[in-house]
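Chain by chain, the residues run as shown.
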Amino acid sequence: MQSATKPEPQPSAEAQPEDRLLAVSRGFEVEAEVHESVAAERPVLEIDRFNLWYGSKQALHRITMPIPNNKVTALVGPSGCGKSTLLRSVNRLNDLVQSVRITGDMRLNGDSIYDPRMDVIELRKRMGMVFQKPNPFPMSIYENVVYALRIDGESNRGVLDEVCEISLRGAALWDEVKDRLHDSALGLSGGQQQRLCIARAIAAEPEVLLLDEPCSALDPIATGKIEDLIQELRGRYSVLMVTHNMQQASRTSDYTAFMYLGRLIEYGATTDIFTKPVLRETEAYVTGRFG
């Protein structure tokens, strides 16, 4: 991964159209509308003028946004708007793509994520990541949950047992699996597997929990259980979630950020974004008139 040295030239602002989304589609830079309610929160994560390119194609444009501590923040926007790219940049998964280069920074509780001295393995231990498709390890339910502790050298059975129970209860899965902890995790249903992945993520007590469309591969019943779980995590964990489902964002998050073509367009309290957004472009998207 390389750091970019100078920004790409931008079109003149003189002919910028009034519609922000049209302006963005024509290559103009637009100022994001960030509500005062966001700035009033203490951030767990600060994204600071972050740009990302895949080769010559710029995927993220000067994203600046604080992610509030112990709140659920949803990233919404049409497919291809950069939501997952931004999320994956937080734990530097995009480092694995050879053509990627970035400018700007992200800070996790004040520590620069992109500082050349940052140990990426240690960084990822400070985060939990849950992907679109459940990915339990081919081992027992118990060993899935305590995996992070095992690789850190924890062998005290009492500690492992306690963390396993607390994490499974936190993921609303304990009552369903407490009598079969040593059965293979691959025998669980899709929804149970996803909740197990969340239990595995929170067992390490992450500073931020990253959820990349955690319900997209699940049926409506399993989706409902994951949404209930996300609501239960509010106030206890800092969650940054990508979702394509507007109703899900409105039900589960405290704050919502609307993105379009790699830009942050509007960011504020979820109730405001869905009931009284500042921008008509945001209102058009959240009410389903486009996208």
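Please refer to the structure higher up on the page.
All of the points below concern the structure found in this document. (Residues numbered from 1 in each chain as written. Predicted model: local features only at pLDDT ≥ 70, side-chain atom pairs only at ≥ 80, totals over all residues. Heavy atoms only, no water.)

Describing the layout of surface pockets
(1) Moving on: If you add up the space inside the largest pocket, you get close to 790 Å³.
(2) Moving on: Lining the largest pocket we find 30 residues, and of these Arg124, Met127, Ala148, Arg200 and Ala204 sit closest to its centre.
(3) Moving on: Elements with a minimum of two residues in the lining of the largest pocket: α4 (120–125), β8 (127–130), α6 (147–151), α7 (157–170) and α9 (190–203).
(4) Moving on: Its residues placed into classes, the lining of the largest pocket shows 18 nonpolar, 5 polar and 7 charged. (1 Å grid on protein atoms, 1.4 Å probe; cavity = no way out; pocket = protein on both sides within 12 Å on 5 of 7 lines; lining within 4 Å. Points joined across faces, edges and corners; volume = space filled by probe spheres on them. Helix = DSSP H or I, 4+ residues; strand = E, 2+ residues; numbered from the N terminus. Nonpolar A, V, L, I, M, F, W, Y, C, P; charged D, E, K, R; others polar.)

A look at the sheet that holds strand β2 (residues 33–34)
(1) Moving on: The strand order across the open sheet built from 7 strands is β2-β12-β11-β5-β10-β9-β8, with neighbouring strands paired in mixed fashion. Each edge of the open sheet is held by one strand with a lone partner, namely β2 and β8.
(2) Moving on: In the packing of α9 onto the sheet, contacts are made with β8 and β9 (208–212), and the angle to β8 comes to roughly 170°. (Pairing = 2+ DSSP bridges. Contact = heavy atoms within 4.5 Å. Axes fitted to C-alpha atoms, helices over the stretch in contact; angles between N-to-C directions.)

What about unusual backbone geometry?
(1) Moving on: Phi is positive for arginine 92, close to 60°, though the residue is something other than glycine.
(2) Moving on: Tracing the sequence through the fold places arginine 92 in the loop between α3 (83–90) and β6 (100–108).
(3) Moving on: For glutamate 205, which is not glycine, the phi torsion reads 50° and is therefore positive.

Let's talk about α3
(1) Moving on: Taking burial as the measure, the 8 residues of α3 include 6 buried ones, the bulk of the element.
(2) Moving on: Within the span of α3, buried status applies to Lys83, Thr85, Leu86, Leu87, Ser89 and Val90.
(3) Moving on: Once α3 finishes, arginine 92 follows within two positions and takes phi at roughly 60°, a positive value. (Buried < 20%, exposed > 50% of the residue type's maximum accessible area, 1.4 Å probe, protein only.)

A short note on the side chain of serine 112
(1) Moving on: Secondary-structure assignment places serine 112 in strand β7 (residues 111–112).
(2) Moving on: We classify serine 112 as buried; its relative accessible area is 18%.
(3) Moving on: Among the polar contacts listed, one links the side chain of serine 112 to the backbone nitrogen of aspartate 115, at a separation of 3.1 Å. (Polar contact = N/O pair within 3.5 Å; in protein donor to acceptor, adjacent residues only side chain to side chain.)

Quick notes on the pattern of salt bridges
(1) Moving on: By the definition in use, this model includes 20 salt bridges.
(2) Moving on: Ionic pairing is found between glutamate 33 and arginine 20, a salt bridge with its closest N-O pair at 3.9 Å. Here the residue glutamate 33 occupies a position in strand β2, and arginine 20 occupies one in helix α1 (residues 20–25), the gap between them amounting to 13 residues.
(3) Moving on: On the accessibility criterion, glutamate 33 (25% relative accessible area) is partly exposed.
(4) Moving on: According to the relative accessible area criterion, arginine 20 is partly exposed, its value standing at 21%.
(5) Moving on: Several salt bridges share partner residues, and in doing so they unite Glu46, Asp48, Arg49 and Arg107 into one network. (Salt bridge = Lys/Arg side-chain N within 4 Å of Asp/Glu carboxyl O.)

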